[in-house]
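# Summary of structural features
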Amino acid sequence: MGALFQSAHMKLVQIIERNDAARVVVAELGERGIFQFRDMNSGTNFFKRSFSDDVRRCDDMQRRLVKMKHALDLARVRVPVRHEEGLRVPLAELDTSIVQYESELKELTTQVNALKRNHNSLREQRLVLEVCGSLYQGTVGAGTGVTAESSASGLRTPAAESARAGSPAESVSVLTSLVSNEFQTPSEDGLLHYIAGTMPSTRAAAFERVVYRATRGNCLVHNVPLSETDLLDASDAKGEAATLKNVVLVFFSGAVLRQKLSKICAFFAVTRYSLPELAGQRRQLLDEVVDALASSAVVLDRSLQIRRLTLSSIAHQWAEWQYTVRREKMTYNALNMCNFDHRRRVFVAEGWIACTQEGALREALSCAARKSGGETTPILNSISTGLTPPTYLPVSKITSAFQALVDTYGTPKYREVNPGVFAVVLFPALFGIMFGDVGHGGLLVIFALSMICNETRIGKMRLDDIGDMCFGGRYILLCNGLWAMYVGTLYNECFAVPFDLFGSRAVAHELDQSVGTYPWGIDPIWHHTSNKIGFFNSYKMKMSIIFGVAHMFLGICCSLVNHLEFKKPINIIFEFIPEVIFFLCIFGYLVFMIILKWATPWPGGHGPMLLNVLIDMFMSPGKEPDIPLYAGQATVQLGLLAAAFLSVPMLLFPIPIIGYYKHRAAQRSAGASNYTMMGADAAPHNPNPLSPASGQAGGGGGPHGAPGVEDEEEYSFTDEFVHQTIHTIEFVLGSISNTASYL
């Protein structure tokens, strides 16, 4: 917890090793996680760096792996958990293996989709033959199990009218005579032609309307819905979407209508199938389709098995591939940040480490040297620099969730006080004050403990956003539940029902005056009084103010630690002290009045309204209240109000003015000595030619980490004054608004 209070002390180091061991060293440092690389080629375009081709290859491999994962998810093939070590194979060999599997999977998928489409076409051909054959015989709806929604949207001819009005036998004879010639054989000389096929059910009604209008009613359309729900949609490019379909049979006359109907069918995605006119030919074609359908089912099933085996083989290796590709990509990105000296045949890496982990870094370099087959350990140098070190906050699995909660608002600067250390206690405590209930808190504890006890198994599962958020914050939920149970005992509530463990002291006090107060928490008799709501609202509001003011004052005290760390006495005198005076004179005084009112026995139980007292303190300064809390209250409040108002200009003006005079004094000193101020572009002699950062010395970039000279910008009094004005306004209004929110 002490390491979480402030960022660990960091130092900039330099690693020098021969070129052939660069990848091994970088990979070892990446796996240890103790070294943050510094980009030594920040001005170089990515495509001109040494390992840009390898990074792009890793990107291509990741793209292929994403496509494979999508195929695995569609096939519902489970991906096993990866081995901790990952694969130790060359990147080129891994790339070849992934490309081979991808091409094999792509070829199998293409074959399976083609077989599915062919099998679907055979099924639709069979359905067209069966349904249309029933239509020819006039038995649709009688014994076929298929309902004919015949839309007689055409053929206003005497023959058609008689066929529609007559018996089934008469209809068949009329239809046959219209379609066939005088020799009872199919011919183009027949009076009627037809189009048979299938179409999506959702387009059937629109299709009938368009056909009726385009042909002016000179056609006959039969739409028969099918019961099959797994027929493929012909308009789907991938051929994977299933839809409901209708069998459509359109009778028409003339070549002109044939052209129109062909275009309409193409627009409405009608899949046309052959339909012989003679019953014998239809039966023969149906037998052939049934035989082909059986063969297609066998081939399709075998192809699906082969694709499933290929997917299973990919699934067993996918996690290893993914981890290995990510590791290699990060390794090559880190290598691109290093400087390769081909003349000396060495590479130079610079980065930040925690001062306490220098021994671990040396051990990691020795391990990397052994893995690369080298006889010497890489050279490790410490660099003096003016760069501001990064923030390093070591966290555990318990504190990581609280730190992530703080990081959503912003990461603390180097050596600043980390609010995450206070969030570990204060966040659950404030949650418990708002959510104080023994029963509800117990349920939250049980839920959190169930995730903690099974965190290894749950961590390997694929969770949605809500599940991942709950699992990541399991220790937050545990602490919240424990605090809710603790505060619930103070409220004496379990599932919003009061409980009485020690017996109400209010009832016993009426019988025996020597009986004291309730030993723990609130006397449960308050839950049964007429002024229950008013009492609890007043109590919880005052408790919220006390805890809220204490919480805000803790933040002000943290700024004192930051000023001491960065050695800023001016900020302590003209920022911290005015803030404390302003805050305590108003809001600290409010807390004092709350505690004093609680501790004072008032005649009849009616004390002063503190909200009115605070308002009168600003609106009528120096006026004696109707019910004073103590003697001389008006004088004390007038003095506190004056001190609070005087602290605001003390917070606003001195720091920018002092900074301005310091800057002017530095300029005069530099001009009198005939020297120019040294900035980021005027660096002293660099003792290490391999390190561009070693020349940026000074400026407090050592263990205390004040901003270095490269972080300094040209001084502007206007900018400093605006910054201090914003800080003053935020502090004053923030204190008032936060306290008002508790009220």
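Refer to the structure above for everything that follows.
Residues numbered from 1 in each chain as written. Predicted model: local features only at pLDDT ≥ 70, side-chain atom pairs only at ≥ 80, totals over all residues. Heavy atoms only, no water.

The next point concerns the packing of aromatic side chains. How two aromatic rings sit relative to each other is given by the distance of their centres and the angle of their planes. Counted under the stated rule, the structure contains 26 aromatic pairs. Between phenylalanine 35 and phenylalanine 37 the ring centres are 4.8 Å apart and the planes differ by 75 degrees, which places this aromatic pair in the edge-to-face class. What makes phenylalanine 35 buried here is its relative accessible area of 10%. When the centroid spacing of 5.4 Å and the interplanar angle of 65 degrees are considered together, the rings of tyrosine 660 and phenylalanine 717 count as edge-to-face. Here phenylalanine 717 lies in helix H23 (residues 717-742) and tyrosine 660 lies in helix H22 (residues 654-672), a separation of 57 residues in the sequence. According to the relative accessible area criterion, tyrosine 660 is partly exposed, its value standing at 29%. Given a relative accessible area of 32%, phenylalanine 717 falls into the partly exposed group. Of the aromatic side chains, those joined through ring pairs into one cluster are Trp526, Phe535, Phe536, Tyr539 and Trp598. Of note, lysine 69 hangs over the ring of tryptophan 318, and the distance from its end group to the ring centre comes to 5.7 Å. Note that lysine 540 overlies the ring of tyrosine 491, its terminal NZ or CZ placed 4.6 Å from the centroid. (Phe/Tyr/Trp six-rings, centres within 6.5 Å; stacked < 30°, edge-to-face > 60°. Buried < 20%, exposed > 50% of the residue type's maximum accessible area, 1.4 Å probe, protein only. Helix = DSSP H or I, 4+ residues; strand = E, 2+ residues; numbered from the N terminus. Lys NZ or Arg CZ within 6 Å of the ring centre and 35° of its normal.)

This part covers the packing of helix H12 (residues 420-434) against helix H18 (residues 532-565). For the pair H12 and H18, the least separation of the axes is 12 Å and the interaxial angle reads 165 degrees. With respect to H18, the axis of H12 lies roughly antiparallel. Pair H12 / H18 crosses with left-handed handedness. Residues Phe422, Leu426, Leu430 and Ile433 of H12 form the contact with H18, whose own contacting residues are Phe547, His551, Leu554 and Cys558. (Axes fitted to C-alpha atoms, helices over the stretch in contact; angles between N-to-C directions. Parallel < 35°, antiparallel > 145°, perpendicular 65-115°, else oblique. Left-handed = near helix turned anticlockwise from the far one by under 90°. Contact = heavy atoms within 4.5 Å.)

Structurally, the position occupied by lysine 542 is in helix H18. Comment: no salt bridge for buried lysine 542; closest opposite-charge side chain is aspartate 616, at 15 Å. Excluding anything up to four places from it in sequence, lysine 542 contacts Ile594, Trp598 and Leu610. (Lys, Arg positive; Asp, Glu negative; His and termini not counted. Salt bridge = Lys/Arg side-chain N within 4 Å of Asp/Glu carboxyl O.)

Looking now at unusual backbone geometry. The backbone of arginine 345 shows a phi angle near 60 degrees, a positive value even though the residue is not glycine. Counting through the fold element by element, arginine 345 comes out in the loop between strand S10 (339-341) and strand S11 (346-354). One non-glycine residue with positive phi stands out, namely lysine 567, at about 55 degrees. Within the secondary structure layout, lysine 567 lies in the loop between H18 and helix H19 (569-599).

A few words on the environment of aspartate 39. Along the chain, aspartate 39 falls in the loop between strand S2 (36-38) and helix H3 (52-74). For the pair aspartate 39 and cysteine 338, spaced 299 residues apart in sequence, the C-alpha to C-alpha distance is 6.7 Å. Here asparagine 41 takes part through its backbone nitrogen, which lies 2.9 Å from a polar atom of the side chain of aspartate 39. Polar side-chain contacts of aspartate 39 include one of 3.2 Å to the side chain of arginine 49. (Polar contact = N/O pair within 3.5 Å; in protein donor to acceptor, adjacent residues only side chain to side chain.)

With that settled, the discussion passes to the nonpolar core. Buried together is how nonpolar side chains tend to be arranged in soluble globular proteins. Ranked by internal contacts, the top residues of the largest apolar core, which has 43 residues, are Leu29, Met68 and Leu361. Put simply, the parts of the chain that give this core at least two residues each are strand S1 (10-18), helix H2 (22-32), H3, helix H4 (91-137), helix H9 (279-336), S11 and helix H10 (358-372). When residues of this core are assigned to their parent elements, the largest contribution, 9 residues, is made by H9. What leucine 29 contacts, discounting residues up to four positions off in sequence, is Ile15, Ile34, Phe35, Phe37, Leu361, Ala364 and Leu365. Membership of the second largest hydrophobic core comes to 30 residues, among which are Tyr589, Ile594, Leu629 and Leu640. (Core = buried A, V, L, I, M, F, W, Y, C linked by side-chain atoms within 4.5 Å.)

Within the element layout of this structure, glutamine 637 appears in helix H21 (residues 633-652). Residue classification places glutamine 637 among the buried residues on the basis of a relative accessible area of 6%. Each C-alpha atom of the pair glutamine 637 and isoleucine 586 lies 9.0 Å from the other, and the pair is 51 residues apart in sequence. Sequence-distant contacts of glutamine 637, defined by excluding residues within four places in its chain, comprise Tyr589, Met593, Val613 and Met617. One polar contact links glutamine 637 to tyrosine 589, side chain to side chain, over a distance of 2.9 Å.

Right, let's get into a nonpolar patch on the surface. On the surface, a nonpolar cluster with roughly 610 Å² of combined accessible area is contributed by Val425, Trp483, Tyr486, Leu501, Phe502 and Trp520. Inspection of the secondary structure puts phenylalanine 502 in the loop between strand S14 (497-498) and helix H17 (505-511). Relative accessible area serves as the criterion here: at 45%, phenylalanine 502 is assigned to the partly exposed category. (Patch = residues over 30% accessible without salt bridge, like charges linked within 9 Å, V, L, I, M, F, W, Y side chains within 5 Å. Areas by Shrake-Rupley, 256 points an atom, 1.4 Å probe, with all protein chains shown as cover.)

In the structure shown here, the tally under the stated rule is 25 salt bridges. Across the salt bridge formed by arginine 344 and aspartate 341, the nearest N and O atoms sit 2.5 Å from each other. The closest approach of N and O atoms between arginine 474 and glutamate 455, which form a salt bridge, is 2.9 Å. Of this pair, arginine 474 sits in helix H16 (residues 474-491) while glutamate 455 is found in helix H14 (residues 455-459), placing the two residues 19 residues apart along the sequence. With respect to class, arginine 474 is no different from glutamate 455; both count as buried. Overlapping salt bridges bring together Arg57, Arg64, Lys67, Asp95 and Glu102 as one network.

So, on to the environment of cysteine 479. Its place among the elements puts cysteine 479 in helix H16. The sequence separation of cysteine 479 and phenylalanine 427 amounts to 52 residues, and the corresponding C-alpha distance is 8.9 Å. Apart from the residues lying within four places of it in its own chain, the contact partners of cysteine 479 are Phe402 and Pro428.

These values are about where atoms sit, not about what they do.
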